[in-house]
Amino acid sequence: IQGWDDSLEDLFKEVRDANIDAAIIQFSFGFYRLAALEWLIERLHDHGILVFIALHSTIDVNKPDIAIRLSEIQPTLARVSRLLVHSVHDLNHLKAIGLVDNVTLFPMGLPAPFNGDRAAKRRSLGLENKTVIASFGYLLPHKGLRELINAVALLRRKVPGAHLLMLNALYPVPDSDEEARACQEEIHALGLEESVTLVTDFVEEDDLLARLAAADVIVYPYQKTQESASAAVKLGLSSLAPVAVTPLPIFADIASVSHRLPGFTPADIAEGLAEFLDRADHTVLRERQKAWVEAHAWPNLSARLDG
């Protein structure tokens, strides 16, 4: 639940009573108010608890109804043991507001790679004779899922067996429900009922990785975002199925292990997918992806964070 009205006092009491040495806080602008976060950090410091913050976004939020800037709590952030960021862009942004000495580039982790029977999963999903294009992540307007549905309609002119497997869980905000209805209407309008599987339930990680592994390619057609890195795309990479992304900075950290689509429109996405599927050999990309996933698996990153 987004905590705009949460003072974080209950959280502080839980942390204090747990008698721990260090707290690692996951930060995104939508999680809680900066004033509440500032209060929490100061209280933890007062009790001798080390604070580490993983910043999943750093760019100022400027909307008609609200403006949020990390510079508002710069002195408090400067006292944190480590600020962990996911991109060089974040390093530079924090440097611009005077945060340098305690900032560390730290990648987002992944689960262990899929090692099951991909062909068996395809059969169980009834997709063994299809070209499977998958999507994954919370069902929200900026994810480009309607554009992807239209792209698959275009792609089917070249690849008649193309099937879209949408593993996009609802997020607990009205925008998500509205986007789900819009996607369903788009599927119906394009006559794709037999060519799209839309799953809006939350799927457990092991089952999710198996379903993603059944795909010929997983697409992240994001249209815009202020986030610094994508957790959803990391799960896609862990399935060891190839990954295609739109040309946004959020995907900069996986540029070497993904296929970059030429743009954001349905035509761009369809063109990029057709080009990728046309290639006979993806061995080099597959081997590079597997090595990257193993290097970024949580056991390795956990040991590094502990150090």
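Computed from a predicted structure; not experimentally measured.

Visitor: For this particular structure, what's the right way to read the overall build of the chain?
Guide: When helices and strands are counted, the chain shows 12 helices and 12 strands. For the chain, the C-alpha radius of gyration of 21 Å lies close to 19 Å, the compact-globule estimate for 307 residues. For the chain, buried positions account for 48% of its 307 residues. Long-range pairs, those at least 24 residues apart, make up 74% of the contacts in the chain between residues at least 6 apart in sequence. When the accessible area of the chain is evaluated, it comes to approximately 15300 Å², of which 51% is carbon and sulfur surface. A distance of 5 Å separates the average location of the 29 positive side-chain charges in the chain from that of its 42 negative side-chain charges.

Visitor: Even after reading the chapter, I still don't get the pairing of strand β7 (residues 131–136), so can you show me in this structure?
Guide: The buried fraction of β7 is high, at five of six residues. Examined bridge by bridge, β7 and strand β8 (residues 162–167) share six bridges and lie parallel to one another. Across the sheet, the residue bridging to I133 is L164, located in β8. Of the strand pairs in this sheet, β7 and strand β10 (residues 217–220) are connected by two bridges, and their pairing is parallel.

Visitor: In this structure, what is going on with the pattern of salt bridges? I would like to understand it.
Guide: If charged atoms from side chains of opposite charge come close, those side chains can pair. For the structure on display, the rule yields 11 salt bridges. A salt bridge links R16 to D17; the nearest nitrogen and oxygen atoms lie 3.2 Å apart. Take D17: its relative accessible area is 58%, and that puts it in the exposed class. The salt bridge involving R43 is made with D46; its shortest N-O contact spans 3.0 Å.

Visitor: Would you explain the sheet that holds strand β5 (residues 82–85) in this entry?
Guide: Paired through their backbone hydrogen bonds, the strands of a sheet run either parallel or antiparallel. The strand order across the open sheet formed by four strands is β1-β2-β5-β6, and the pairing between neighbours is parallel. Both edges of this open sheet fall to β1 (22–27) and β6 (103–105), since each of them pairs with a single strand only. Sheet twist, expressed as the mean angle between neighbouring strand axes with direction ignored, is 25 degrees. In the sheet, β5 pairs with β6 via three bridges, with the strands oriented parallel. Of the residues in β6, the one forming a bridge with V85 is L105.

Visitor: It is not clear to me how the packing of aromatic side chains should be interpreted in this structure. Could you clarify?
Guide: Note on aromatic pairs: each is described by the distance of the centres and the angle between the planes. Following the criterion strictly, the structure yields eight aromatic pairs and no others. Both rings, one in Y220 and one in Y222, keep their centres 6.3 Å apart while their planes meet at 65 degrees; by these two values the pair is edge-to-face. Take Y222: its relative accessible area is 3%, and that puts it in the buried class. Three or more aromatic residues link up through ring pairs in this structure, and these residues are F27, F29, F31 and Y32.

Visitor: I'm lost on helix α6 (residues 145–155) in this one. Help?
Guide: Three or four residues apart is the spacing at which side chains of an α-helix point the same way, because the helix has 3.6 residues per turn. Those residues of α6 lying buried are L145, L148, I149, A151, V152 and L155. For α6, the angular spread of the buried residues around the axis is 160 degrees, confining them to a single face. Among the structural elements, β7, β8, α7 (174–189), β10 and α10 (266–278) are those in contact with the buried residues of α6.

Visitor: Can you help me understand the sheet that holds strand β11 (residues 243–245) in this one?
Guide: Pairing in this open sheet of six strands is parallel, and the strands run β9-β8-β7-β10-β11-β12 from one edge to the other. Among the strands making up the open sheet, the edge pair consists of β9 (196–199) and β12 (259–260). Strands β7, β10, β11 and β12 of the sheet are contacted by α10, whose axis makes an angle of about 155 degrees with β10.

Visitor: How should a negative patch on the surface be read in this particular structure?
Guide: Taken together, the side chains of D5, D6, E9, D10 and E14 define an acidic patch exposed on the protein surface. When you line up the elements, D5 lands in the segment before α1 (9–17). Classification of D5 by relative accessible area gives exposed; the value is 81%.

Visitor: Which parts of the structure should I look at to understand the side chain of H56?
Guide: You can see H56 is positioned in the loop between β2 (50–55) and β3 (61–63). Side-chain polar atoms of H56 contact the side chain of Q26, separated by 2.7 Å. For H56, the side chain forms a polar contact with the side chain of H86, separated by 3.0 Å.

Visitor: Explanation requested: the packing of α1 against helix α2 (residues 34–46) in the structure shown.
Guide: Helix packing for two helices is described by the angle between their axes and how far apart those axes are. At their nearest, the axes of α1 and α2 sit 10 Å apart, and the two run at 25 degrees to each other. Taken together, the axes of α1 and α2 are roughly parallel relative to one another. The two elements α1 and α2 meet at a crossing, and its hand is right-handed. The residues of α2 that touch α1, namely those facing E9, L11, F12 and V15, are W39, L40, R43 and L44. For the contact of α1 with α2, the class distribution of residues is six nonpolar, no polar and two charged.

Conventions used here
Residues numbered from 1 in each chain as written. Predicted model: local features only at pLDDT ≥ 70, side-chain atom pairs only at ≥ 80, totals over all residues. Heavy atoms only, no water. Helix = DSSP H or I, 4+ residues; strand = E, 2+ residues; numbered from the N terminus. Rg over C-alpha atoms; globule rule 2.2 N^0.38 Å. Buried < 20%, exposed > 50% of the residue type's maximum accessible area, 1.4 Å probe, protein only. Contact = heavy atoms within 4.5 Å. Areas by Shrake-Rupley, 256 points an atom, 1.4 Å probe, with all protein chains shown as cover. Lys, Arg positive; Asp, Glu negative; His and termini not counted. Charge placed at Lys NZ, Arg CZ, Asp CG, Glu CD. Pairing = 2+ DSSP bridges. Salt bridge = Lys/Arg side-chain N within 4 Å of Asp/Glu carboxyl O. Axes fitted to C-alpha atoms, helices over the stretch in contact; angles between N-to-C directions. Phe/Tyr/Trp six-rings, centres within 6.5 Å; stacked < 30°, edge-to-face > 60°. Arc of directions from axis to C-beta. Patch = residues over 30% accessible without salt bridge, like charges linked within 9 Å, V, L, I, M, F, W, Y side chains within 5 Å. Polar contact = N/O pair within 3.5 Å; in protein donor to acceptor, adjacent residues only side chain to side chain. Parallel < 35°, antiparallel > 145°, perpendicular 65-115°, else oblique. Left-handed = near helix turned anticlockwise from the far one by under 90°. Nonpolar A, V, L, I, M, F, W, Y, C, P; charged D, E, K, R; others polar.

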